[in-house]
Amino acid sequence: MNPKHILFIPVSSPSGIGEYMRSMIIAKAMLAKWPTANIHFILNQDVSYLNECPYNVHTCKGSPTKDSNRVNAIIEQVSPDLVIFDASGRAKQFKQAKLFGAKVAFISQHNKKRNRGLKLNRLANTDIHWVVQPDYCMKALSLWQRAKLSLYNKPAPKNIGPVFELCQTEDQQKLLSQYRVVKDNYFIFNAGSGGHLVSGRLAADIYYQAAKLFSQQCKAKCLVIFGSNYPKSLPEDEGVTCLKTLSNEDFVGLLANAKGCIVSAGDTLLQCFALHKPCVAAPVSPDQPARLKLCQAKELVLVADATPESLASQAIKLTQQNNEEVKSVISNIKQQAPSKALDIIVNDITSLFSAEKECLSVNSNEQDKS
């Protein structure tokens with residue numbers, strides 16, 4: 001049995017885009033696996049990327065998590081075979097999905113969100129739970145959590161790391177030519193989706209100012225990706241290349257070929273680790289300081305404050321070949337295993353529906369015998 005209708009319900013807000021982008025990557029992989037599948041998204045009606053989504057879009061007021069009546073009506077309308085809640089969803093939404101016969105998958109991105117997914121009222125209606133963090137960013141499950149998993153005969157959440165796609169080598173060469181950069185001879189600056197505020201100031205503007213300082217001092221080529229949620233016109237700058245947004249594939253392709261990356265402490269930071277790219281990071285949203293602290297403890301990143309001066313000062317270290325701190329970071333990130341998160345997700349979903357097919361076959365044979 002293959003899923004005919006797949007419904008994605010990512011967190012979607014005017015300030016962030018990470019969950020939506022992750023769901024888009026997974027949706028593309030699902031369509032490659034099952035070309036006839038119908039893909040649906042439920043999105044906040046106020047997000048800037050609403051009209052850019054290439055799939056069937058259903059809107060709700062505010063975040064889907066807060067609009068259960070609308071979400072449940074859409075679930076009834078679509079009658080999906082699979083629902084993927086990406087850091088979203090209330091227990092009644094999980095229950096509604098199961099009521100209409102769907103397999104339910106949940107994606108969490110930190111301990112607090114994982115704990116929410118392990119509450120009894122969600123756990124009972126969840127078939128699989130992925131955590132998009134490496135093991136060292138997550139606490140061990142408590143005895144009570146393990147007991148609940150055993151009681152409901154559910155698999156433990158899988159720590160799968162960041163979800164991303166990497167373009168082929170020949171496509172990467174075209175990408176570098178398009179943006180007039182040379183492999184290992186430029187730096188990426190990105191503060192996330194473009195909508196985050198730090199002390200009332202747009203984080204994207206802070207990173208842009210950091211890129212200007214860095215470029216002036218090091219004479220290095222810099223690309224600043226402002227993000228699709230950036231609300232202003234892009235600045236014109238001869239010394240720094242300013243880009244609004246990129247496809248995830250192109251973004252990761254530019255990260256993979258950069259000399260170094262100056263990013264926020266969100267998903268992009270983990271992508272840099274998986275790509276073995278040295279980076280500087282600062283927290284720009286409430287969930288990021290804890291993650292950054294764990295990564296710093298592992299000596300995987302150069303940590304900065306979210307100010308132009310601090311970011312530029314730390315970034316300059318990435319140009320210093322004999323800097324011992326940078327040497328340690330490079331050595332440690334090279335020991336990180338490449339992320340196979342997308343493959344794990346596709347294989348897990350395939351297994352879910354293969355198991356159902358086998359179950360239906362067994363039941364049919366038993367009925368025939370009777």
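Above this text sits the structure in question.
The present account deals with the structure reproduced in this document.

Thresholds applied
Residues numbered from 1 in each chain as written. Predicted model: local features only at pLDDT ≥ 70, side-chain atom pairs only at ≥ 80, totals over all residues. Heavy atoms only, no water. Helix = DSSP H or I, 4+ residues; strand = E, 2+ residues; numbered from the N terminus. Expected span 1.5 Å × (residues − 1). Buried < 20%, exposed > 50% of the residue type's maximum accessible area, 1.4 Å probe, protein only. Core = buried A, V, L, I, M, F, W, Y, C linked by side-chain atoms within 4.5 Å. Contact = heavy atoms within 4.5 Å. Patch = residues over 30% accessible without salt bridge, like charges linked within 9 Å, V, L, I, M, F, W, Y side chains within 5 Å. Areas by Shrake-Rupley, 256 points an atom, 1.4 Å probe, with all protein chains shown as cover. Salt bridge = Lys/Arg side-chain N within 4 Å of Asp/Glu carboxyl O.

Description of helix α1 (residues 18-33)
Each α-helix winds once per 3.6 residues, and so residues spaced three or four apart point in a common direction.
And step 1. Between its terminal C-alpha atoms α1 stretches 23 Å, which fits the 22 Å expected from 16 residues at 1.5 Å a residue.
And step 2. Here α1 has its buried residues at E19, Y20, R22, S23, M24, I25, I26, A27, A29 and M30.

What about unusual backbone geometry?
And step 1. One non-glycine residue with positive phi stands out, namely S199, at about 50 degrees.
And step 2. By secondary structure assignment, the location of S199 is in the loop between β9 (197-198) and β10 (201-202).
And step 3. On the basis of relative accessibility, which here comes to 78%, the residue S199 falls in the exposed class.
And step 4. A positive phi angle is found at H276, which is not glycine, with a value near 60 degrees.
And step 5. Take H276: it is sitting in the loop between α10 (267-274) and β14 (279-282).

Looking at the nonpolar core
And step 1. Counting residues in each nonpolar core, the largest one holds 68 residues, and the members touching the most others are I188 and L269.
And step 2. No other element matches helix α8 (residues 203-218), which puts eight residues into this core.
And step 3. If we ignore the near neighbours within four places in the chain, the residues touching L269 are V263, S264, C279, A281, L292, C295 and V301.
And step 4. Core analysis: the second largest hydrophobic core is formed by 36 residues, I128, V163, A341 and F353 among them.

Points about a nonpolar patch on the surface
And step 1. A cluster of nonpolar side chains, L120, W144, L151 and Y152, forms an exposed patch at the surface whose accessible area comes to about 430 Å².
And step 2. As for its position among the elements, L151 is in helix α6 (residues 143-151).

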